[in-house]
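These are the residues of each chain, in order.
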Amino acid sequence: RYCKTPSKRAIFPAFTCRSVTDPFIQEGWDCRYYDVSTDLRIKLESIIPLSESFRPGVCIVHPYFGSELTEDELQALSLVKSLSGCLMVEDKTQCIFSSSAHEVFDVIVGSYRKWFPIPDGSFLHLIRTVPGLELPDTGYSDNEPFVSMMSDAMYLRGVFLQSGDEEIKAISRRMSSLALTRIDGAIEPHRMSNFSLNLMSGSDSVDIQKKRMENYGYLHEGLRNSNRLKFVKESTAEIKSAPLYFPIYVRDRDSFQEALSKEKIYATALWESSASPEMVSDTDVEYIFNHILVIPCDQRYGRADMERVIDVIGNLNV
């Protein structure tokens, strides 16, 4: 509603989250998807013809799991922008600490909730003045019911991690799910709560980045010869900033995930509920949705935790 482009048409990477696409869909935008390869790179043979035929008003781009966009990808995005004159948005949620700045983008956005122990919070950075994009500077309020419920869910999750009580964990998950369900159709922007701002300001971002990079490195080294999985990113050289997770592909994801869960290792199958026929028409995209699993490597964990993950995966019978 704040973006008054001539065309209410938007393009997204086919591997994305509903929270990215839903606001556009709810506002009546026509949404299409460009393909990505299994190493989570933009398929240039998909995005360029799509931009030529569809002429989007907005293009959303994800760098995935701490990687940066390649020169080929950036050149393709520049061509997309010149072909359609679209607003180019970089969603840095998966590489929040990246310092890269590319001329092609008009807006940078990202969510803080996966990086810090906070119930709400995100950012939008307008790189340049964009005709038709009007964002009010003031007038936002806290989403107090959501923040309260998510804070309680976070507290209970902490109790579970200390006690191992599965009933407490189930309650925490139900509260979190209920909070997210209640805002599912509420796309009005809210101000980040003081509660979250205060928590985040007390975090050591340098230490967070260091621990995530170290944990990612431990997992990559310890799992590189495993025949039970494939890496999404084959080389650590691709990881330029602290990664959100350590992503892998596994053949039988449900069995693999269940086996890890029995060992209290909670790997996530990303965005499977987001998949729709329009998004998974490409075989690589279908493979991603069906086989990707992400292992936590955040600042809560250290080398001993990563070594335990490696040992457990090495002994799995799946």
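Up top is the structure.
Residues numbered from 1 in each chain as written. Predicted model: local features only at pLDDT ≥ 70, side-chain atom pairs only at ≥ 80, totals over all residues. Heavy atoms only, no water.

Draft legend 1. Structural detail: the packing of helix H2 (residues 44-54) against helix H3 (residues 71-84). Taken N-terminus to C-terminus, the directions of H2 and H3 make an angle of 10°; their axes are 9 Å apart at the nearest point. Taken together, the axes of H2 and H3 are roughly parallel relative to one another. Touching Leu-44, Ile-47, Ile-48, Ser-51 and Glu-52 of H2 are Asp-72, Glu-73, Ala-76, Leu-77, Leu-79, Val-80, Leu-83 and Ser-84, all from H3. Among the residues forming the contact of H2 with H3, the class breakdown is eight nonpolar, two polar and three charged. (Axes fitted to C-alpha atoms, helices over the stretch in contact; angles between N-to-C directions. Helix = DSSP H or I, 4+ residues; strand = E, 2+ residues; numbered from the N terminus. Parallel < 35°, antiparallel > 145°, perpendicular 65-115°, else oblique. Contact = heavy atoms within 4.5 Å. Nonpolar A, V, L, I, M, F, W, Y, C, P; charged D, E, K, R; others polar.)

Draft legend 2. Quick peek at the side chain of Glu-68. Examined against the element boundaries, Glu-68 turns out to sit in the loop between strand E3 (58-61) and H3. At 5.7 Å, Lys-92 is the nearest oppositely charged side chain to Glu-68, a buried residue that forms no salt bridge. At a separation of 3.0 Å, a polar atom in the side chain of Glu-68 contacts the side chain of Ser-100. Setting aside anything within four residues of it in sequence, one finds Glu-68 in contact with Arg-41, Glu-73, Ser-98, Ser-100, His-102, Glu-238 and Lys-240. (Buried < 20%, exposed > 50% of the residue type's maximum accessible area, 1.4 Å probe, protein only. Lys, Arg positive; Asp, Glu negative; His and termini not counted. Salt bridge = Lys/Arg side-chain N within 4 Å of Asp/Glu carboxyl O. Polar contact = N/O pair within 3.5 Å; in protein donor to acceptor, adjacent residues only side chain to side chain.)

Draft legend 3. Seen up close, the pattern of salt bridges. Considering all chains together, one arrives at 16 salt bridges under this definition. Salt-bridge contacts for Arg-128 lead to Asp-106; the nearest nitrogen and oxygen are separated by 2.7 Å. Pair noted here: Arg-128 is in the loop between strand E6 (122-126) and helix H4 (144-163) and Asp-106 is in the loop between strand E4 (87-91) and strand E5 (107-111), with a separation of 22 residues, a long-range link. Accessibility expressed as a relative area gives 5% for Asp-106, which makes it buried. Close ionic contact of Glu-307 with Arg-303 constitutes a salt bridge, the shortest N to O distance being 3.1 Å. Of the two residues, Glu-307 and Arg-303 both sit in helix H10 (residues 303-314), four residues apart, roughly one turn of that helix. The class for Glu-307 is partly exposed, based on a relative accessible area of 38%.

Draft legend 4. The arrangement of the pairing of E3 in detail. Both faces of E3 are covered, namely the face carrying Val-58 and Ile-60 and the face carrying Cys-59 and Val-61. Pairing of strand E1 (residues 9-13) with E3, which is carried by two bridges, proceeds in the parallel orientation. Note on E3: the bridge partner recorded for Ile-11 is Cys-59. Pairing of E3 with E4, which is carried by four bridges, proceeds in the parallel orientation. Pairing of Cys-59 across the sheet is with Met-88, part of E4. Read from E3 through H3 to E4, the crossover connection turns out right-handed. (Pairing = 2+ DSSP bridges. Right-handed = clockwise from strand over helix to strand, strands pointing away.)

Draft legend 5. Region of the structure containing the state of the cysteines. Inspection of the entire model under this criterion finds zero disulfides. Free of any disulfide, Cys-17 has its nearest cysteine sulfur in Cys-31, 14 Å distant. (Disulfide = S-S within 2.5 Å.)

Draft legend 6. Seen up close, H10. Across its twelve residues, H10 extends 16 Å between first and last C-alpha, which sits within 8% of the 16 Å expected from 1.5 Å per residue. Of the positions making up H10, those classed as buried are Met-306, Val-309, Ile-310, Val-312 and Ile-313. The arc that holds the buried residues of H10, viewed along the axis, is 165°, so those residues lie on one side. Where the residues of H10 are buried, they touch helix H7 (205-223), helix H8 (253-262) and strand E9 (292-295). (Expected span 1.5 Å × (residues − 1). Arc of directions from axis to C-beta.)

Draft legend 7. Structural detail: the environment of Asn-143. Here Asn-143 is to be found in the loop between E6 and H4. For Asn-143 and Met-192, which are 49 residues apart along the polypeptide, the C-alpha to C-alpha distance reads 8.1 Å.

Draft legend 8. Here's a closer look at the sheet that holds E9. If you trace the three strands from one edge of the open sheet to the other, you get E7-E8-E9, paired in antiparallel fashion. Among the strands making up the open sheet, the edge pair consists of strand E7 (230-231) and E9. Pairing of E7 with strand E8 (residues 246-249), which is carried by two bridges, proceeds in the antiparallel orientation. Looking at E8, one finds that Phe-231 is bridged to Ile-248. Lying over the sheet, H8 contacts E8 and E9, oriented at roughly 20° with respect to E9.

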